[in-house]
Amino acid sequence: MERVKVGVVGLGWVAQVVHLPVLLKLAEAEVVAVCDREKAKARLVAEKFGIKRLYSDVKQMLETEELAAVIICTSTDAHKDVAIAALRAGKDVLVEKPIARHYAEALEMADVAKECKRKLMVGMNHRFRPDTMILKSFIDGKELGKVYYTRSGWLRRRGSDSSWVTQKEKSGGGAFIDLGIMMLDMALWMMGYPDAKRVSATHFNRHHYAQKRRSAQHRSQLVNVR
């Protein structure tokens, strides 16, 4: 059986902890090359995982290597340019969530994929969890009746290992676009993507509320002193 030749672009946490270890276990896939704009990181990761070819320039990798697919694990601001370059080079693309910083970038990527007749997929991996797939089969089989309400959430104790996640110009937003978007996708997917009639949101700023709490405590101390 011919193995699918894959290139991985962006060699941060998610590439090293998730994508590369899994790809190297798959008999159907072959990681041909890795790419990161920091060549020293690309060299270290290539040595760590036993990958022979490394690049610091995406276009050079696409022109040199015979790849069937590219996995994009870069910061979100680079998703669009890397994906479009790979699609125009005739490669299928798996891009980490979120697909882009905003709708216009995502739409441009989707349009290029259609134009080039290539596959473009976003890594919404929660759809493939055994528990969510079983629950989806219950909903599709009408075993739960008509679903009129769903609630999802994410509890995360530690911050991100990537500094760019907290920079809006690179990430596109905050906790929702980084983590909440997967919960929203899972909920909508479970229900068959019903049309939205109204959208509302509440924003919480941890530092703002911590400052208000400290101010309240200070006023209380002053009252007690008096």
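Just above, that's the structure.
What you see is a predicted model, and the numbers here were worked out from it, not measured in a lab.

Participant: Got a sec to walk through helix α1 (residues 13-23)? Specific residues and values, please.
Facilitator: Residues spaced three or four apart along an α-helix face the same direction, because each turn holds 3.6 residues. Taken residue by residue, α1 has Val 14, Ala 15, His 19, Leu 20 and Leu 23 as its buried positions. Taken down its axis, α1 places every buried residue within 125 degrees of arc, on the same side. In the core, the buried residues of α1 are packed alongside β1 (4-9), β2 (29-35), α2 (39-49), β4 (69-72) and β5 (92-95).

Participant: Describe the sheet that holds β4, naming the residues involved and giving the relevant values.
Facilitator: The strand order across the open sheet built from 6 strands is β3-β2-β1-β4-β5-β6, with neighbouring strands paired in parallel fashion. Strands at the two margins of the open sheet, each flanked by one partner only, are β3 (53-55) and β6 (120-122). The mean angle between the axes of side-by-side strands here comes to 25 degrees, regardless of whether they run parallel or antiparallel. Here β1 pairs with β2 via 6 bridges, running parallel. Residue pairing for β2: Val 8 is matched across the bridge by Val 34. Contacts from α2 reach β2 and β3 within the one sheet, and its direction differs from that of β3 by about 160 degrees.

Participant: Go over the packing of α1 against α2, please, and point to the residues and values.
Facilitator: A packed helix pair is summarised by two numbers, namely the angle formed by the two axes and the spacing between the axes. One can describe the packing of α1 onto α2 by two numbers: an axis separation of 12 Å at closest approach and a directional angle of 45 degrees. As judged from the angle between their axes, α1 and α2 are oblique. Read as a crossing pair, α1 and α2 show a hand that is right-handed. Contact residues: α1 offers Gln 16, Leu 20 and Pro 21, while α2 offers Val 45, Lys 48 and Phe 49.

Participant: Break down unusual backbone geometry for me, with residues and values.
Facilitator: Omega for the peptide link from Lys 97 to Pro 98 comes to -15 degrees, which places this bond in the cis form. Checked against the element boundaries, Pro 98 lands in the loop between β5 and α5 (103-116). Of note in the backbone geometry, Lys 142 takes a positive phi value of approximately 65 degrees without being a glycine. When you line up the elements, Lys 142 lands in the loop between α6 (130-140) and α7 (168-171). For Lys 142, a relative accessible area of 66% corresponds to the exposed category.

Participant: An account of the pattern of salt bridges is requested, with residue identities and associated values reported.
Facilitator: Per the counting criterion, the structure on display carries 9 salt bridges. With a closest N to O distance of 3.2 Å, Asp 92 and Arg 118 form a salt bridge. On the criterion of sequence distance, the pair formed by Asp 92 in strand β5 and Arg 118 in the loop between α5 and β6 is long-range, its members being 26 residues apart. Here Arg 127 ties to Asp 185 by a salt bridge, and the two come within 2.7 Å at their closest N and O atoms. Here Arg 127 is found in the loop between β6 and α6, whereas its partner Asp 185 is found in helix α8 (residues 175-190), with 58 residues between them in sequence. Owing to a relative accessible area of 25%, Arg 127 belongs among the partly exposed residues under this scheme. With relative accessibility at 9%, the residue Asp 185 sits in the buried group.

What counts as what
Within any chain, residue numbers begin from 1 and follow the written order of that chain's sequence. Local features in this predicted model are restricted to residues whose pLDDT is 70 or higher, and side-chain atom pairs enter the listing and the counts only when it is 80 or higher, whereas totals over whole chains, interfaces and linings include all residues. Note that water and hydrogens are dropped before the side-chain values are worked out from all heavy atoms of the structure. In this scheme, a residue with accessible area under 20% of its type's maximum is buried, one over 50% is exposed, and one in between is partly exposed, where area comes from a 1.4 Å probe on protein chains only. Numbering goes from the N terminus for both helices and strands, where a helix is a DSSP run of H or I of at least four residues and a strand is a run of E of at least two. Note that the arc is computed from the directions linking the helix axis to the C-beta atoms. Note on contacts: a residue pair is in contact if any heavy atoms of the two residues lie within 4.5 Å. The pairing criterion is simple: DSSP has to find at least two bridges between the two strands. Note on method: axes are straight lines fitted to C-alpha atoms, helices fitted across the in-contact stretch only, with angles between N-to-C directions ranging 0 to 180 degrees. When describing relative orientation, an angle under 35 degrees is termed roughly parallel and one over 145 degrees roughly antiparallel, while 65 to 115 degrees is termed roughly perpendicular and anything else oblique. Less than a right angle of anticlockwise turn of the near helix away from the far helix marks a crossing as left-handed, whereas a clockwise turn marks it as right-handed. Every case where a carboxyl oxygen of Asp or Glu lies within 4 Å of a side-chain nitrogen of Lys or Arg is listed as a salt bridge.

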